[in-house]
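Each chain is listed here by its residues.
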Amino acid sequence: MAVRITELFRREKKTHEGLLNIEWVALGYIAFTLLMMGLLWDKLPNTTTMLGGRIRFVLVTLAMWAVYRLWPCRLTYLGRIAVQMLFLSWSYPDTYELNRALPNLDHVFAGMEQHLFGCQPALLFSQHVAWPWFSELMCLGYVSYFPLMVLVVIYYFWQRYAETGLATFVLLGSFYAYYVIFVLLPVTGPQFYYLAAGTENIAAGIFPNLGDWFLTHSERMAPPGWTDGFFYHLLESAHEAGERPTAAFPSSHVGITTVLMLLALRTRSKRLCLTVLPFYVTMCFATVYIRAHYAVDVAAGLLTGIVFYYALCGIYKKMGLR
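A. Representation of the overall build of the chain. Scanning the chain for helices and strands turns up 14 helices and zero strands. N-terminal to C-terminal, the α/β element order of the chain is α-α-α-α-α-α-α-α-α-α-α-α-α-α. The C-alpha radius of gyration of the chain comes to 20 Å, within 12% of the 20 Å expected for a compact globule of 322 residues. When the backbone C-alpha atoms are referred to their principal axes, the chain occupies close to 65 × 50 × 35 Å. Here the contacts in the chain between residues at least 6 apart in sequence split such that 85% fall between residues at least 24 apart. When the accessible surface of the chain is totalled, it reaches about 14,800 Å², and 68% of it is carbon and sulfur. Distance between charge centroids for the chain: 19 Å, based on 23 positive and 19 negative side chains.

B. Region of the structure containing the pattern of salt bridges. Per the stated rule, a full pass over the model turns up eight salt bridges. As a salt-bridge pair, R100 and E97 come within 2.7 Å of each other at their nearest N and O atoms. Exposure remark for R100: the relative accessible area of 11% places this residue in the buried category. The salt bridge partner of R220 is E236, with a shortest N-O separation of 3.2 Å. Remark: E236 occurs in helix 11 (residues 230-242) and R220 occurs in the loop between helix 10 (199-203) and helix 11; sequence separation between them is 16 residues. Each of the two residues, R220 as well as E236, counts as buried. Each member of the salt-bridge network shares a partner with another, and the members are R160, E163 and R266.

C. Representation of the packing of helix 6 (residues 132-143) against helix 13 (residues 270-289) within the structure. Relative to each other, helix 6 and helix 13 sit at 110°, their axes nearing to 8 Å. With respect to their mutual orientation, helix 6 and helix 13 come out roughly perpendicular. Every residue of helix 13 that contacts helix 6 at F134, S135, L137, M138, L140, G141 and Y142 is listed here: F279, T282, M283, F285, A286, T287 and Y289. Partitioned by chemical class, the residues of the contact of helix 6 with helix 13 number ten nonpolar, four polar and no charged.

D. Structural detail: the nonpolar core. If you look at the biggest cluster of nonpolar residues, it comprises 98 residues, and the most contacted ones within it are L171 and Y193. With twelve residues, the single largest contributor to this core is helix 8 (residues 164-184).

E. Here's a closer look at the environment of L151. Mapped onto the fold, L151 is located in helix 7 (residues 145-159). Between the C-alpha atom of L151 and that of V276, which follows or precedes it by 125 residues, the distance is 8.9 Å. Not counting chain neighbours up to four residues away, the residues in contact with L151 comprise L272, T275 and V276.

F. A look at unusual backbone geometry. In this structure, P250 follows F249 across a cis peptide bond, with omega equal to -10°. Within the fold, P250 resides in the loop between helix 11 and helix 12 (252-267). Positive phi is not limited to glycine here, since R268 has a value of about 60°. Within the secondary structure layout, R268 lies in the loop between helix 12 and helix 13. Looking at R268, the relative accessible area reads 78%, which means it is exposed. One non-glycine residue with positive phi stands out, namely R291, at about 70°.

G. Representation of the packing of helix 1 (residues 21-39) against helix 8. At their nearest, the axes of helix 1 and helix 8 sit 9 Å apart, and the two run at 10° to each other. Taken together, the axes of helix 1 and helix 8 lie roughly parallel to each other. Contact with helix 1, carried on its side by N21, I22, V25, A26, Y29, F32 and M36, involves T168, F169, L172, G173, Y176, Y179, V180, V183 and L184 of helix 8 and no other residues of that element. Along the lines of polarity and charge, the residues of the contact of helix 1 with helix 8 split into 13 nonpolar, three polar and no charged.

Cut-offs used in this document
- Residues numbered from 1 in each chain as written.
- Predicted model: local features only at pLDDT ≥ 70, side-chain atom pairs only at ≥ 80, totals over all residues.
- Heavy atoms only, no water.
- Helix = DSSP H or I, 4+ residues; strand = E, 2+ residues; numbered from the N terminus.
- Rg over C-alpha atoms; globule rule 2.2 N^0.38 Å.
- Contact = heavy atoms within 4.5 Å.
- Areas by Shrake-Rupley, 256 points an atom, 1.4 Å probe, with all protein chains shown as cover.
- Lys, Arg positive; Asp, Glu negative; His and termini not counted.
- Charge placed at Lys NZ, Arg CZ, Asp CG, Glu CD.
- Salt bridge = Lys/Arg side-chain N within 4 Å of Asp/Glu carboxyl O.
- Buried < 20%, exposed > 50% of the residue type's maximum accessible area, 1.4 Å probe, protein only.
- Axes fitted to C-alpha atoms, helices over the stretch in contact; angles between N-to-C directions.
- Parallel < 35°, antiparallel > 145°, perpendicular 65-115°, else oblique.
- Nonpolar A, V, L, I, M, F, W, Y, C, P; charged D, E, K, R; others polar.
- Core = buried A, V, L, I, M, F, W, Y, C linked by side-chain atoms within 4.5 Å.

What follows is the structure, encoded as structure tokens:
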């Protein structure tokens, strides 16, 4: 049933007295990163900043809980969800602060790519398909990532309010599952690795082990494509703001949009599904086109997205969460 405007401010009779499931998931991830910080303390250059960020994370989460307790309504509930989603943009680059202390593994994944395809698709894709309209389509697909998340969450909140808890639990649970992988598996992706290793070596099938190179280096290649395009500049601005040499395997862009597609299918809304589908398909190609990911990252993102969706739906139902 659709939510009406007046219902946003009405005090709820059945309230969420404690922390939301997504807040517990986020705090669990914070606890995991604190453990990793303890293990890697001597190798981390920004421990004070990292600790400060986690303290602010906890304080804001508790503050939003307090606001909701003062006036438990759908609007303050949505505010708690929005804050947790905004924190994802902080948690993503933070994975780099941890995994750069571990040996880089890009040479393994670039070698796997070469073995499977006989080439580097991320190096050749944009060279062979250089049309401006196609470049803009790929950039549009990639930058649709966060708008798609907002669209699906708002749809559930507005049209299927009773299932909002499930949708957000599956979505944010998937995100933090990917972030755990990114912390433990330091793979930067082609845009960082190709530049550091040298495109001449990459084209020749030579993939050097860079060790701890990314502990002190974060330079990346500029995205390929039509440099005068609107969506190209939008993509580049997004990269300048938050991109780091981290989070390549598996592709969370593909994985999360897979989760969003499955959540859209769950609603049986043709409009929502037909809105998400073209962006989902474009995303699968765009991640390789702009050199953010290896092709094997895309395959792994697709597979893990499906696994995370069904696993988290099962956990939600089995534990009787709401």
